[in-house]
Amino acid sequence: LNAAPGYLAALGTGLGDHYDIKMVAHQSLAKLCAVAGPAVLAALDSLVDPMGKTLTAKLKSDAVKQEIDRNEDLLRSCLRAVVALEKLEGAADNATFTTFLEKRVTGSEKISPKYAIIKAEAKAGGVMGDEH
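Below is a summary of the structure that appears in this document. These figures come from a predicted structure and were not determined experimentally. (Residues numbered from 1 in each chain as written. Predicted model: local features only at pLDDT ≥ 70, side-chain atom pairs only at ≥ 80, totals over all residues. Heavy atoms only, no water.)

**Considering the overall build of the chain**
No. 1: Along its length, the chain carries seven helices and zero strands.
No. 2: Reading the chain from its N end, one meets helices and strands in the order α-α-α-α-α-α-α.
No. 3: Taking 14 Å as the expected radius of gyration for a compact globule of 132 residues, we find that the chain reaches 14 Å, a close match to that expectation.
No. 4: C-alpha extents for the chain along the principal axes are approximately 45 × 25 × 25 Å.
No. 5: Here the chain holds 132 residues, and 42% of them are scored as buried.
No. 6: Long-range pairs, those at least 24 residues apart, make up 70% of the contacts in the chain between residues at least 6 apart in sequence.
No. 7: Entry remark: accessible area of the chain is about 7500 Å², with carbon and sulfur atoms responsible for 56%.
No. 8: When the 16 basic and 17 acidic side-chain charges of the chain are each reduced to a single mean position, those positions are 2 Å apart. (Helix = DSSP H or I, 4+ residues; strand = E, 2+ residues; numbered from the N terminus. Rg over C-alpha atoms; globule rule 2.2 N^0.38 Å. Buried < 20%, exposed > 50% of the residue type's maximum accessible area, 1.4 Å probe, protein only. Contact = heavy atoms within 4.5 Å. Areas by Shrake-Rupley, 256 points an atom, 1.4 Å probe, with all protein chains shown as cover. Lys, Arg positive; Asp, Glu negative; His and termini not counted. Charge placed at Lys NZ, Arg CZ, Asp CG, Glu CD.)

Here it is, written out as structure tokens:
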């Protein structure tokens, strides 16, 4: 996929954008892992930071149910992309990615249980996209 590096730069921006854009960016990233794994691996360092911010974003204390639900959907979407990234050959050798996994995903009391569920769904042949 020759356009992958330029596309990945735009995707990195999308991962840090608003809710709707992030959702599409997560899905695109997961699919791109399957078709252009080496290009994704080369850009992995730049993709980790915006995903980390998504996983650690705090909701307002007065958030309504719809905002809470949207945030949960966003977390699941991001974690599906993380699972796809983790499957890339060589991802485990990327220090930025492994640190991100340890600190922001598996090391987080809030995120780790959600990640385990998403990972189990993926292993069982679950859908990488959203249920919406």
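**Quick look at the pattern of salt bridges**
No. 1: For the structure shown, the criterion picks out five salt bridges.
No. 2: Here D73 makes a salt bridge to R76, at a shortest N to O gap of 2.3 Å. Pair noted here: D73 and R76 are both in helix α5 (residues 65–86), with a separation of three residues, about one helical turn.
No. 3: Residue class for D73 comes out buried when judged on its relative accessible area of 13%. (Salt bridge = Lys/Arg side-chain N within 4 Å of Asp/Glu carboxyl O.)

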